[in-house]
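Architecture at a glance
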Amino acid sequence: MPETLTEQPLVSPDRVSLDRIVAARDVIRGRLHHTPTVTSAFLSDRVGAPIHLKLELFQKTGSFKPRGVLNRLANLTDAERQRGLITLSAGNHAQAVAWAAREYGVKATVVMPVKATRAKVDATRGYGGDVVQTDGDLLATALELQRERNLTLVHPFDCPFVIAGQGTLGLEVVQDWPELDAIVVPIGGGGLISGVSMAMKSHNPKIRVIGVESSDGPAMKMSVEAGRLETIDCRTIIDGLRVRRVGEKTFSVAQRFVDEIVALPDRDIFDAVIWVMERCKLVVEGAAAAPVAALLHGLVKLPAGSRVAVVLSGGNVNLDQLRGLRWN
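On a predicted model such as this, the values are computed, not experimentally measured, just so you know.

So, how was this worked out
Residues numbered from 1 in each chain as written. Predicted model: local features only at pLDDT ≥ 70, side-chain atom pairs only at ≥ 80, totals over all residues. Heavy atoms only, no water. Helix = DSSP H or I, 4+ residues; strand = E, 2+ residues; numbered from the N terminus. Rg over C-alpha atoms; globule rule 2.2 N^0.38 Å. Contact = heavy atoms within 4.5 Å. Areas by Shrake-Rupley, 256 points an atom, 1.4 Å probe, with all protein chains shown as cover. Lys, Arg positive; Asp, Glu negative; His and termini not counted. Charge placed at Lys NZ, Arg CZ, Asp CG, Glu CD. Axes fitted to C-alpha atoms, helices over the stretch in contact; angles between N-to-C directions. Parallel < 35°, antiparallel > 145°, perpendicular 65-115°, else oblique. Left-handed = near helix turned anticlockwise from the far one by under 90°. Pairing = 2+ DSSP bridges. pLDDT = per-residue confidence, 0-100. 1 Å grid on protein atoms, 1.4 Å probe; cavity = no way out; pocket = protein on both sides within 12 Å on 5 of 7 lines; lining within 4 Å. Points joined across faces, edges and corners; volume = space filled by probe spheres on them. Nonpolar A, V, L, I, M, F, W, Y, C, P; charged D, E, K, R; others polar. Phe/Tyr/Trp six-rings, centres within 6.5 Å; stacked < 30°, edge-to-face > 60°. Lys NZ or Arg CZ within 6 Å of the ring centre and 35° of its normal. Expected span 1.5 Å × (residues − 1). Buried < 20%, exposed > 50% of the residue type's maximum accessible area, 1.4 Å probe, protein only. Core = buried A, V, L, I, M, F, W, Y, C linked by side-chain atoms within 4.5 Å. Salt bridge = Lys/Arg side-chain N within 4 Å of Asp/Glu carboxyl O.

A short note on the overall build of the protein
Secondary structure summary: the protein contains 15 helices and 10 strands in total. Relative to the 2.2 N^0.38 estimate, which gives 20 Å for 328 residues, the radius of gyration of the protein is 18 Å and therefore close to what a compact globule would have. In terms of overall dimensions, the protein has C-alpha extents of about 55 × 40 × 40 Å along its principal axes. Sequence separation of at least 24 residues holds for 72% of the intrachain contacts in the protein that already meet a minimum separation of 6. Accessible area of the protein: about 13400 Å², with a carbon and sulfur share of 48%. Averaging the locations of the 39 positively and 36 negatively charged side chains of the protein gives two centres separated by 1 Å.

Here it is in structure tokens:
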């Protein structure tokens, strides 16, 4: 990794801000892809509004996750990086941390569930990550290993540097399509929608930000509606959407900047994965298809002709799972 990346100035870790998102853009520039934003005539006709797709499935490691991870690592001290990293993830964040650690020439330990998709486990190891699988609590296991090995934790979503890195996706969308009226974003732990919503509202406060969750695990929706963080019984099998509790920081940002959160069942989301394959000729994972599913089922209510960006957040699809979930 070039020396200029390790020399990025450190910023106080206790806040999320537009300035931090802009600084993150400078960190990732030239090191990650500015992924394309393309029109979708078929989806536009189906929904009755101009639709642009943000193709983050073409990002390095196949998802948006390296944006936040690379920015987090840039804002660690050299000593913190050299101790080695530890994180927890079912898949995409795991791959991003392993990849970024390799770029820096440091070690990464990744705690993953025993039922994690084999392809994502193999990919994480392929990037050089030391995978530790557990059938227990991922965070508790990661924190225990952190203490035992004196490692540096890279949280998958509830970190201002991670949130800011994910917000660079929003900056790219408004750069490519400044006239948009709304953006639809999937929600897992909330890091992506937090960063993107702040970037959108800073560009134009009138842009509507709509989040999409599985109704089999709507942790952010339930928390926002309750006005406090809720720990839920999460039943979704879509790993990019599967969290029992969103982050304190992501919840706080979502409360301020996200206009609406909708939810629909796993089945409808997996149907949308197939729909995107058939109609848009793109291979996306379940979490990425959630915004498309929400549009197809009429859950996103906007004025006629609204210009809508849709974030296709990743393409690390679990083909074995998809085969098992193809309904007749």
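From this point, the discussion proceeds with the structure in view.
Section: the packing of helix H4 (residues 65-74) against helix H9 (residues 160-176)
The geometry of H4 relative to H9 is characterised by a closest axis approach of 7 Å and an angle of 130° between their N-to-C directions. When the interaxial angle is binned, H4 and H9 end up oblique. As for the relative orientation of H4 and H9, their crossing is right-handed in sense. Mapping the contact onto sequence places Lys 65, Arg 67, Gly 68, Asn 71 and Arg 72 in H4 and Phe 161, Val 162, Ala 164, Gly 165, Gln 166, Thr 168, Leu 169 and Glu 172 in H9.

Remarks on the sheet that holds strand S1 (residues 37-39)
As summarised here, the arrangement of the 6 strands in space is S1-S2-S10-S7-S8-S9, forming an open sheet in which the pairing is mixed. Looking along the sheet, the strands with just one partner apiece sit at the ends: S1 and strand S9 (260-264). Strand-to-strand twist of the sheet, defined as the mean angle between neighbouring strand axes without regard to direction, takes the value 25°. Bridge count for S1 against strand S2 (residues 51-55) is 3 bridges, and the pairing is antiparallel. Bridging from a neighbouring strand, Thr 37 pairs with Lys 54 of S2. Along the sheet, H9 contacts S1, S2, strand S7 (182-186) and strand S10 (308-312); its crossing angle with S2, the most-contacted strand, is approximately 140°.

Quick look at the sheet that holds strand S3 (residues 85-88)
Taken together, the 4 strands give an open sheet; going across it, the order is S5-S4-S3-S6, and neighbouring strands pair in parallel fashion. On the outer flanks of this sheet lie strand S5 (130-134) and strand S6 (152-153), each paired with one strand and no other. Relative to S5, strand S4 (residues 108-113) runs parallel, the two sharing 5 bridges. By the bridge assignment, Met 112 is partnered in S5 with Gln 133. In the packing of helix H7 (residues 118-126) onto the sheet, contacts are made with S4 and S5, and the angle to S5 comes to roughly 150°.

Regarding the confidence of the model for the protein
Mean pLDDT over the protein works out to 92, with 93% of the residues at or above the 70 mark. Counting interchain partners and residues more than four positions distant, the pLDDT-below-50 stretch residues 1-13 has 29 contacts.

Section: the layout of surface pockets
Here the idea is plain: a probe the size of a water molecule rolls over the atoms and shows the empty space left. As a volume, the second largest pocket reaches approximately 160 Å³. Around the second largest pocket, the lining residues are Arg 46, Asp 268, Asp 271, Ala 272, Ile 274, Trp 275, Glu 278, Leu 296 and His 297. For the lining of the second largest pocket, a count of residues per class yields 4 nonpolar, 1 polar and 4 charged.

A closer look at the packing of aromatic side chains
With the rule as written, the count across this model stands at 1 aromatic pair. The aromatic ring of Phe 161 is capped on one face by Arg 20, whose charged end is 4.4 Å from the ring centroid.

Observations concerning helix H13 (residues 266-280)
Over its 15 residues, H13 extends 20 Å from the first C-alpha to the last, a length consistent with the 21 Å expected when each residue adds 1.5 Å. Restricting attention to buried positions, one finds in H13 the residues Asp 266, Asp 268, Ile 269, Phe 270, Ala 272, Val 273, Ile 274, Trp 275, Val 276 and Cys 280. Looking one or two places after H13, you find Lys 281, whose phi comes out positive at around 60°.

Quick word on the packing of helix H10 (residues 191-203) against helix H12 (residues 248-257)
In the contact formed by H10 and H12, the axes pass within 9 Å of each other and the chain directions differ by 40°. Note on packing geometry: the crossing formed by H10 with H12 is left-handed. In this structure, H10 uses Gly 191, Ser 194, Ser 197, Met 198 and Lys 201 to contact H12, whose residues at the interface are Thr 250, Val 253, Ala 254 and Phe 257. Class assignment of the residues belonging to the contact of H10 with H12 gives a composition of 4 nonpolar, 4 polar and 1 charged.

A short note on the nonpolar core
If you look at the biggest cluster of nonpolar residues, it comprises 35 residues, and the most contacted ones within it are Leu 53, Leu 282 and Leu 312. Of all the secondary-structure elements, those providing two or more residues to this core are S2, S7, strand S8 (208-214), S9, H13, helix H14 (286-296) and S10. Considering each element in turn, this core owes the most residues, 9 residues, to H14. One finds Leu 169, Ile 193, Met 200 and Ala 309 within the second-largest nonpolar core, a separate group that totals 29 residues.

Some details on the pattern of salt bridges
Evaluated as defined, the whole model comprises 15 salt bridges. Of the charged contacts in the structure, one is a salt bridge between Lys 54 and Glu 172, with a shortest N-O distance of 2.6 Å. With a gap of 118 residues between them, Lys 54 in strand S2 and Glu 172 in helix H9 connect regions that are remote in the sequence. Comparing Lys 54 with Glu 172 shows no difference in burial state: the two are buried. Several salt bridges converge on common partners, so that one network encompasses Lys 54, Glu 56, Arg 67 and Glu 172.

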